[in-house]
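Commentary on secondary and tertiary structure
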Amino acid sequence: MPLPRFDLDVVHRQMFGGAYTAISTDREVADEVMAGRVTLRPHPAWELPDPMDWDADPFGRRNWQTQLHMLRWFEPVRRVALTGDDAARAYWLRTCRSWIANNPARTGGANPAWTPMVEAQRALSLVFALPLVAAHSDPWLIESILEHGAWLAEPGHLGRASQALHQHQALFVIGAVFHRADWTTLAVDRLAELVAETYDEEGIAAAGSVAQHKSTYLAWRTALSRLDREGIARPAAAERLDLAALELAHATRPDGTLERIGDTGVATLAGVTSAEAAWMLSRGSTGEPPADLARVYRRGFAFGRSGWGAHERAFDDETFYSLSFGRADRARGHQDGGSLTLHSGGHPWLVDAGPDVDQQNHVPTSRVSHNVVEIVDRPYDPASDVALERHHLTDDVDDFLFVDRGYPGVEIRRRVTYCRGGDFVVVVDTVLSDDEVTARQRWHLDAGTAVRTRTHGVDLTRDESGATLLWSGNIPEITVAQGEGEPGPVVTAEQTGTRFRYITVIAVPPRGHFDLTSLRSTGGRLAVAATVGRHDFGLVLDGASATATLGTPSASSTGLEDVRRAAVDRRRGAAATSAVPRAPGDVYTSEYGAALKDWIRSQPDLRSARLEALTRLLDLALDLGPRRTSDQGLRAALIDVAGSDLAAELGLTAATVGLKREPLLDWSGQSPLHSATYGLDMSTVNRLEELTAVSDGATLVAADLGPLVLPVAYGRGTSDTLTVRFHGAVNRTKSTLPLFQGLTSDLGKADSFAIFQDPSLDLDRGMTLSWYLGTPDVDLHRQMAAWIDRVAQLTGSRRVLLTGSSGGGFTALQVAAWLEDATVLAFNPQTDVEAYFAPSAERALRTCLRTSVGNVPADLRRRVSVIDRYREVERLPRILYVQNERDQHHVEHHLAPFRAMLEDVHPAHSDRVRFIPVDWGQGHVAATAPRYAHYRQQALEFMTGAR
């Protein structure tokens, strides 16, 4: 009877993954095995008997027997044999024949040879050894492989979860090698069913361990790659693997390691293939950051952070938190429902025990080994389910409420609120018990953290960074258990009673001082005021809502409905000469905002007209709702139309509107505009010719361009150079508009200066970067060039230096194309918005130009691409282009195509454009003040030498 034919090409294609790939230690391990010694970790070495005893159990461990029968331990021998080593080949064949002779297919038995997954991993080892017998007629190996295939095809032999995954892979490979379409089809169908069972719609596996999520991802990536190599389409549900990779990126701390939730040791994203994983592994140098700063997964995980290191805050310095919830008895999970971890400033502060015991030798899976509230001397239900009752994520605040009924007769309600701008967390733990209990709130700290007690709290220090834990209200008894080495200290706060709560503030400022200036709790409303560095922040928890403000929170809350009623009351009896125009389709646009301003100015009674317009705008805002961030400038229009006078009358504040911005329009008859941020008056101009004032200090002006209002700060110096600044990404959680970055440092210097704030930010309160794109009808780059010419005339400047970093560098390059003889100093600039990270680019293009990535109309391409703009420039401006070489994204996607365009269109550009490579570390690193000054001086010399 002829031997079944097999396909060696398939064998070689499938010879990858896990233990089946050649590694550098193969020869060393193979020699040890052939010498009669095998080590199956974590067990000790074992001397192989001759003849081999396949029922051996020298250590009384099922795991050891399982590894023995997988045959992976002599995979190095197979791989060495495939290199042509006759001794290795002879050893492998002899040992394999011994196994086959002594272990016929059977269920049960003295050893685990034919248990799920064991037989599957062994089957792949046998298949990948086929090249060793290809030239021989002895059928024993082929027959054994086919026996494995028949066994794996039998439904009664299937295991569960990861066991089944290995079984389906092995069946698929055997079917492909022997051209058994029935087996390959069966394997693919089983894989399709299993991947849908393994991953939910969010891409989350059922395990309670982040490390297990990674292991599951890697196993599935290997399995699906086997289909790819044979040209077989992946199951539809396999798309969830991309979501699994995204979750792992969200679960990665700024130090590059996975958060230690459940049975997770020290691990990274190595092996995970996605743009987001590449971003995390490269510390923001390559790949792409996830689109969201926070994600909540129904299977029990929440992750959030201050940023992804994409906008010039160092990747390692970003703040990161994790929260666990759900069932306590998940595979490889812990009793960690409601547990919070926190990382900031390059250090882990609040940590999870992972698979380790804590410094008091508590079991790592228990409540006391996590950052939760423990009820003393009460058993905790190991099958309890900590529920996430509600959550709310915004650009400013992430807010969560958990309910834990794991202790009999006790309900623990934990509210965790992260203030993104202030980098602090407020944790409110409420204990409700049928009888008196003692509760201990625990905070596990990273090893190496120094703890110093203070009034009502503790200060934490590590290297040059610091964090603070403070308690308010009924102050608990606070103790610190100092660990030695691993693990670290544990801070415990204890209270006793039947109904009580902990109010804990945890501050992790990346730099500067944290001061809790006040914390008031009245009628279910909690108002926190804190100073972080030079910023004041307010956080208000009122019922189910959580809002953050710059500045101290108000004592009471005024809503838009209240403001609208007040506006209606004040406009009774006063009428405009014509009806206020309605927004087309009752949807606000920036063009409607321009028409509304024109209508107000046309009315004889500006106050009444503004009240009418405010009422219409408030109606639109109420229809919009508080959570939608993109509003085409509606919130900014509310602030501008109200001005400072009507805002004070009506109780309209930035917090009420939901936009951190001061009014920019000076309505005739109202008090002069005054910027509280800068302590300076501000005037409004409608035409370039109205710009006449200039002083040796700073003059603040808002240019009303119709759909947008352009803020400008400028001043006169003693030199003949005008330095112009454009900003890049703006941290909206810490910034009140208008924003004039660099104003303080520019004051008092020899050069005249002009600082432009991007008015496009008004169109979406959550947009951090918009490249001064303007609107379809407002070309800001061209208009700002005209305003710069005007400021140069007023200040007597003969030379203009345009400066900017990142998105500001893009803008400087764009504006320079409209100025006759400007010089540009650009740090790590983008040169094409569409080539930037998709979430940021898409948001800006849709909001500003009402288009999308890949669909920008030809007439707008030059506004979004410096490269396209400069193709048509006849005479290049002088450009000093400073690029961090370890910012791979900007090197590959922005510098390289810009440089290629210059070589093609402007081959003689070297006298006008200088590229300066620098090494400032991994990722999109901003220029420090000394670096800026150094290259600014080079730009000035370049400017002078080129004249």
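Residues numbered from 1 in each chain as written. Predicted model: local features only at pLDDT ≥ 70, side-chain atom pairs only at ≥ 80, totals over all residues. Heavy atoms only, no water.

In the nomenclature of an unreviewed UniProt entry, the protein corresponds to Heparin-sulfate lyase N-terminal domain-containing protein from the organism Tersicoccus solisilvae. The record held by UniProt for the protein lists under Subcellular location (unreviewed entry) the comment "Periplasm". (UniProt positions renumbered as here; feature names shortened; annotations may be inferred.)

Before going further, it helps to spend a moment on the overall build of the protein. Across its full length, the protein carries 25 helices and 32 strands. Scaling as 2.2 N^0.38, a compact globule of 947 residues should have a C-alpha radius of gyration of about 30 Å, and the protein matches this with 33 Å. Counting only C-alpha atoms, the protein reaches 105 × 80 × 55 Å along its principal axes. Buried residues in the protein amount to 58% of all 947 residues. (Helix = DSSP H or I, 4+ residues; strand = E, 2+ residues; numbered from the N terminus. Rg over C-alpha atoms; globule rule 2.2 N^0.38 Å. Buried < 20%, exposed > 50% of the residue type's maximum accessible area, 1.4 Å probe, protein only.)

Backbone hydrogen bonds are what pair the strands of a sheet, in a parallel or an antiparallel way. The strand order across the open sheet built from four strands is β19-β20-β21-β22, with neighbouring strands paired in antiparallel fashion. One side of each edge strand has no neighbouring strand; the edge strands of this open sheet are β19 (514-522) and β22 (545-550). Going from strand to strand, the sheet's axes swing by 15° on average, the running direction of each strand aside. Two elements, β19 and strand β20 (residues 525-532), share eight bridges in a ladder whose sense is antiparallel. Counterpart to Ser521 in the pairing with β20 is Leu526. (Pairing = 2+ DSSP bridges. Axes fitted to C-alpha atoms, helices over the stretch in contact; angles between N-to-C directions.)

Strand order in the open sheet made by the ten strands is β23-β24-β25-β26-β28-β27-β29-β30-β31-β32, with mixed pairing throughout. In this open sheet, the two edge strands, each paired with only one partner strand, are β23 (673-675) and β32 (913-918). Taking the axes of each pair of neighbouring strands and ignoring which way they run, one obtains an average angle of 20° across the sheet. Pairing of strand β31 (residues 878-884) with β32, which is carried by six bridges, proceeds in the parallel orientation.

What follows covers the environment of Gln814. The residue Gln814 is located in helix α20 (residues 807-816) in this model. Assessed through its relative accessible area of 0%, Gln814 is described here as buried. Considered as a pair, Gln814 and Leu747 are 67 residues apart in the sequence and their alpha carbons are 26 Å apart. Leave out the neighbours within four places in its chain, and Gln814 touches His781, Arg862, Arg863, Val864, Ser865, Val866 and Arg869. (Contact = heavy atoms within 4.5 Å.)

Moving on, we get to the side chain of Ser306. You can see Ser306 is positioned in the loop between β4 (301-305) and β5 (320-324). With relative accessibility at 15%, the residue Ser306 sits in the buried group. Separated by 2.5 Å, the side chains of Ser306 and Glu318 make a polar contact. For Ser306, the side chain forms a polar contact with the main-chain nitrogen of Thr319, separated by 2.8 Å. Those residues in contact with Ser306, other than ones at most four positions away along the chain, are Leu293, Arg313, Glu318, Thr319, Tyr418, Arg420 and Asp423. (Polar contact = N/O pair within 3.5 Å; in protein donor to acceptor, adjacent residues only side chain to side chain.)

The tally for this structure, following the rule as stated, stands at 34 aromatic pairs. An aromatic cluster is present here, built from Tyr321, Phe325, Phe400, Phe402 and Tyr418 joined pairwise through their rings. Taking NZ or CZ as reference, Arg226 lies 4.4 Å from the ring centre of Phe16, over its face. Over the ring of Phe16 we find Arg229, and its NZ or CZ is 3.8 Å from the ring centre. (Phe/Tyr/Trp six-rings, centres within 6.5 Å; stacked < 30°, edge-to-face > 60°. Lys NZ or Arg CZ within 6 Å of the ring centre and 35° of its normal.)

Attention now moves to the pairing of strand β21 (residues 535-542). Bridge count between β20 and β21: eight bridges; the pairing is antiparallel. Directly across from Arg525, in β21, lies its bridge partner Asp542. Joining the antiparallel neighbours β20 and β21 is a turn of two residues, in which Gly533 adopts a positive phi near 65°. Counted between consecutive antiparallel strands, the loop separating β21 from β22 contains two residues, among which Gly543 sits at a positive phi close to 65°.

The step from Asp50 to Pro51 runs through a cis peptide bond, and the omega angle for that step is 10°. With respect to the element layout, Pro51 can be found in the loop between β2 (45-47) and α3 (62-70). Positive phi, close to 60°, is recorded for Asp377, a residue that is not glycine. With respect to the helices and strands, Asp377 occurs in the loop between β9 (373-375) and β10 (385-393).

This part covers the environment of Ser630. With respect to the secondary-structure elements, Ser630 resides in the loop between α15 (606-624) and α16 (634-650). On a C-alpha basis, the gap between Ser630 and Leu761 in space is 9.8 Å, while along the polypeptide they are 131 residues apart. When sequence neighbours within four positions are dropped, the list of residues in contact with Ser630 reads Leu624, Leu763, Asp764 and Thr847.

α15 packs onto helix α14 (residues 590-602) with a crossing angle of 155° between their chain directions and a minimal axis gap of 9 Å. In terms of axis orientation, α14 runs roughly antiparallel to α15. Viewed along their axes, α14 and α15 form a crossing whose handedness is right-handed. Contacts from Tyr592, Leu596, Trp599, Ile600 and Arg601 in α14 reach Leu606, Ala609, Arg610, Glu612, Ala613, Arg616, Leu617 and Leu620 in α15. Taken together, the residues of the contact of α14 with α15 break down into nine nonpolar, no polar and four charged. (Parallel < 35°, antiparallel > 145°, perpendicular 65-115°, else oblique. Left-handed = near helix turned anticlockwise from the far one by under 90°. Nonpolar A, V, L, I, M, F, W, Y, C, P; charged D, E, K, R; others polar.)

With that settled, the discussion passes to the packing of helix α6 (residues 118-127) against helix α8 (residues 162-177). Following both chains from N to C, one finds α6 and α8 inclined at 30°, their axes separated by 8 Å at the closest point. One finds that α6 runs roughly parallel with respect to α8. In the crossing of α6 with α8, the sense of the turn from one axis to the other is left-handed. Residues Glu119, Ala120, Gln121, Ala123, Leu124 and Val127 of α6 lie in contact with α8, whose contacting residues are His166, Gln167, Ala170, Val173, Ile174 and Val177. When grouped by side-chain class, the residues that make up the contact of α6 with α8 number eight nonpolar, three polar and one charged.

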